[in-house]
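Descriptive structure summary
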Amino acid sequence: MKITVIGSGYVGLIAALGFGIKNNKVICVDKDKEKIKSLKKGIPIIYEKGLDKYLKKCIEEKKITFSTDIKKGIRESNIIFIAVGTPALNNGDVDMTQVKEVINDISKYINEYKVIVNKSTVAIGTQKYIKRMLNDKGISNEYFDIVSNPEFLREGKAFDDFFNTDRIVIGYDSEIAKEIMGKLYKNFNKKIVYTNPETAELIKYASNGFLATKISFINEIANLCDEIGGNVEDISYVLGLDKRISPLFLNAGIGFGGSCFPKDTQALVKIGKKYGVAFNVIKSTIDVNNKQRIIPIKKLLNHYKDISGKIISVLGLTFKPGTDDIREAPAIYIINELIKNEAIVKCYDPNVSRKIKEIYPQIEYCNTPYDTFIDSSCAIFCTEWDEFSKLDLFKLKDKMKEPLIIDGRNIFDYKDVKKAKINYFAIGRGYIYK
Ligand code: UGA
């Protein structure tokens, strides 16, 4: 099939390459000339496992072309995916500016029937809104159908999620569009759920809202464990044995970040407000998460009372491992608090250097984790990068001024910390040994 994907950001690029690998002819369009120039040369513009491999393969096998020419993109394909950014506005609404721009372009260049597919996470009612917008611009319904096809990719596992997804959701209101979308996804051999567009749009929010709620729930259980001497990992394990609950997304820690859960939970509250649904569950999920992110600071100030002038190491700056994304990362909130409390911050992340230096020119960025520990009074671990669990705790202790670890992701093994005689606080594992 001939597909155009408009927007070469995270969602757009993965979808464009994914459809290319699945033997479609794909045009990936973006107005950002630099991005397109780089992609044409096969140079990835974001960090994602497998991206360079799939980019190279699609280019070599002529499955994909990159272009800034939106007219060509619209005219030469029969399916047009909209995958532009839909960031949150300050008031929690979804910013639809880029989607509107694309619709405007489609109205200018559309020349024959197209299926226009929404991949971006959009405001509820967008399918109908786009339809109205095109009609208002003089484009009649026989020229297009609008489909909602939300994506469920996780950063760091995006290609795996794309090819091995649990479900494909198609929100449609025309049998032709349903048939075309069914054909497009046929060779995925996955469960396709057909529903109306509003339901498809809401499924994405419901899915992210539920997963975020699972995390905040287990984090509150963890906080209680810390008070009563319980172990949240045993609780997560036992909960996960119940098939009705599932073991995934029950890892306690310093909360969720990234470009999706924080934004989509806020948007869900906003949508609820518009339609008179209180969404108290989601409000609490957000509230718990806001507090959870800075729990290491609470534990640190409990231990030292005053941290001004102390060197504090922050390890893991991305919102999770396997990405270079620091959006809404708990580490950022922690660094802000440390600076507020006049601590001297040293940090390390295997994947992020330039960006963090731009945001915080005053903090020291180290090239190895061990460099951050030199003369430090506390090491706060914010992301569970693999390399952290392999650290030599004796070496770490030797370098530190005062050996204290605050493990925000329950990375370390109890026994190892005990052996190294390090002061250690984790999340929901109680206080361990001097
Ligand atoms: C999330 C969803 O998982 C995807 O299905 C969805 O497509 C995507 O949002 C989106 O809307 O685009 P992502 O934000 O990439 O994906 O990351 P997740 O792996 O879901 O993790 C989100 C946050 O939750 C991270 O900060 C992670 O550390 C935290 N988390 C996750 C926990 O604290 N505990 C867990 O058990 C799982």
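Being a predicted model, the structure only gives us computed values, none of them experimental.

Definitions and cut-offs
Residues numbered from 1 in each chain as written. Predicted model: local features only at pLDDT ≥ 70, side-chain atom pairs only at ≥ 80, totals over all residues. Heavy atoms only, no water. Buried < 20%, exposed > 50% of the residue type's maximum accessible area, 1.4 Å probe, protein only. Helix = DSSP H or I, 4+ residues; strand = E, 2+ residues; numbered from the N terminus. Pairing = 2+ DSSP bridges. Domains from an automatic or database assignment. Contact = heavy atoms within 4.5 Å. Buried area = accessible area lost by both parts, 1.4 Å probe. Salt bridge = Lys/Arg side-chain N within 4 Å of Asp/Glu carboxyl O. Polar contact = N/O pair within 3.5 Å; in protein donor to acceptor, adjacent residues only side chain to side chain. Right-handed = clockwise from strand over helix to strand, strands pointing away. Near = heavy atom within 4 Å. Areas by Shrake-Rupley, 256 points an atom, 1.4 Å probe, with all protein chains shown as cover. Nonpolar A, V, L, I, M, F, W, Y, C, P; charged D, E, K, R; others polar. Axes fitted to C-alpha atoms, helices over the stretch in contact; angles between N-to-C directions. Parallel < 35°, antiparallel > 145°, perpendicular 65-115°, else oblique. Left-handed = near helix turned anticlockwise from the far one by under 90°. Phe/Tyr/Trp six-rings, centres within 6.5 Å; stacked < 30°, edge-to-face > 60°. Lys NZ or Arg CZ within 6 Å of the ring centre and 35° of its normal. Patch = residues over 30% accessible without salt bridge, like charges linked within 9 Å, V, L, I, M, F, W, Y side chains within 5 Å. Lys, Arg positive; Asp, Glu negative; His and termini not counted. Charge placed at Lys NZ, Arg CZ, Asp CG, Glu CD. Expected span 1.5 Å × (residues − 1).

**Some remarks on the pairing of strand 5 (residues 114-118)**
Each regular strand displays side chains that alternate between the two surfaces of the sheet. Within strand 5, five of the five residues are buried, which leaves it mostly tucked inside the rest of the structure. Neither face of strand 5 is open: one carries K114, I116 and N118, the other V115 and V117, and all of them are buried. The pairing of strand 4 (residues 79-82) with strand 5 spans four bridges and is classified as parallel. Among the inter-strand pairings, I80 is bridged to a residue of strand 5, identified as I116.

**Considerations on the domain arrangement of the protein chain**
As assigned here, the protein chain comprises domain 1 (2-195), domain 2 (204-291) and domain 3 (293-432). One C-alpha centre belongs to domain 2, the other to domain 3; they are set 23 Å apart. Listed as interface residues are 20 residues of domain 2 and, on the opposing side, 21 residues of domain 3. Around 1,600 Å² of area is buried between domain 2 and domain 3 when both sides are counted, 48% of it from carbon and sulfur atoms. The three residues of domain 2 that bury the most area against domain 3 are D226, I254 and G258, which together make up 37% of that side's buried surface. Put simply, domain 2 and domain 3 have two salt bridges between them. Notably, a salt bridge pairs K299 with D226, separated by 2.7 Å at the nearest N-O pair. Summed over the shared surface of domain 2 and domain 3, the number is twelve residue pairs in polar contact (both at pLDDT 80 or more).

**Considerations on the pairing of strand 8 (residues 192-195)**
Note: strand 7 (residues 168-171) against strand 8, four bridges, orientation parallel. Paired with I170 across the strands is Y194, a residue of strand 8. Taken together, strand 7, helix 8 (residues 175-184) and strand 8 constitute a β-α-β crossover, and its handedness is right-handed.

**Quick look at the site of the ligand**
Lining the immediate environment of the ligand, one finds 20 residues, of which F152, L153, E155, K204 and N208 sit closest. In this structure, N208 approaches the ligand through a side-chain N or O atom, which is 2.8 Å from an oxygen atom. The fraction of the free accessible surface of the ligand (710 Å²) that becomes covered by protein chains is 92%. Secondary structure elements with two or more residues in the shell around the ligand: helix 9 (197-228) and helix 11 (261-274). Per-element accounting of the shell around the ligand gives the leading share, three residues, to helix 9. Considered class by class, the residues forming the shell around the ligand number nine nonpolar, four polar and seven charged.

**Quick look at the environment of T285**
With respect to the helices and strands, T285 occurs in helix 12 (residues 280-292). A C-alpha to C-alpha distance of 33 Å links T285 and P361, two positions 76 residues apart in sequence. Those residues in contact with T285 that lie beyond four places of it in its chain are A212, T213, S216 and F256.

**Observations concerning the environment of D234**
As for its placement among the helices and strands, D234 is situated in helix 10 (residues 232-241). When the C-alpha atoms of D234 and R429 are compared, they prove to be 9.6 Å apart, with 195 residues separating the residues in sequence.

**A few points about the packing of helix 1 (residues 10-21) against helix 3 (residues 51-60)**
Their axes nearest at 10 Å, the elements helix 1 and helix 3 cross at an angle of 50°. What the angle tells us is that helix 1 and helix 3 run oblique. Here helix 1 runs over helix 3; the crossing is left-handed. Counted together, L13, L17, G20 and I21 of helix 1 and L51, Y54, L55, K57 and C58 of helix 3 form the full contact between these two elements. Looking at the contact of helix 1 with helix 3 residue by residue, the classes come out as seven nonpolar, one polar and one charged.

**Points about the packing of aromatic side chains**
Across all of its chains, the model carries 18 aromatic pairs by this definition. Following the ring pairs from residue to residue traces out a cluster consisting of F19, Y54, F81, F159, F162, F163, Y185 and F188. Geometry around F152 places R167 over its ring, the cationic atom sitting 3.8 Å from the centre. One residue, R429, lies across the ring of Y414, its end atom 5.4 Å from the ring centre.

**Observations regarding a positive patch on the surface**
Where like charges cluster on the molecular surface, the positive patch consists of K2, K25, K40, K62 and K72. Turning to its location among the elements, K40 is positioned in helix 2 (residues 33-40).

**Re helix 9**
Between the first and last C-alpha of helix 9 there are 47 Å, a value that for 32 residues agrees with the 46 Å anticipated at 1.5 Å per step. At the exit of helix 9 stands G229, carrying a positive phi of roughly 80°.

**Considering the packing of helix 9 against helix 11**
With their axes 9 Å apart at the nearest point, helix 9 and helix 11 run at an angle of 115° to one another. Relative to helix 11, helix 9 is oriented so that their crossing is left-handed. Together, L202, K204, Y205, N208, G209, L211, A212 and I215 of helix 9 and F261, D264, T265, A267, L268 and I271 of helix 11 make up the contact between the two elements. Of the residues contributing to the contact of helix 9 with helix 11, the split by class is nine nonpolar, three polar and two charged.

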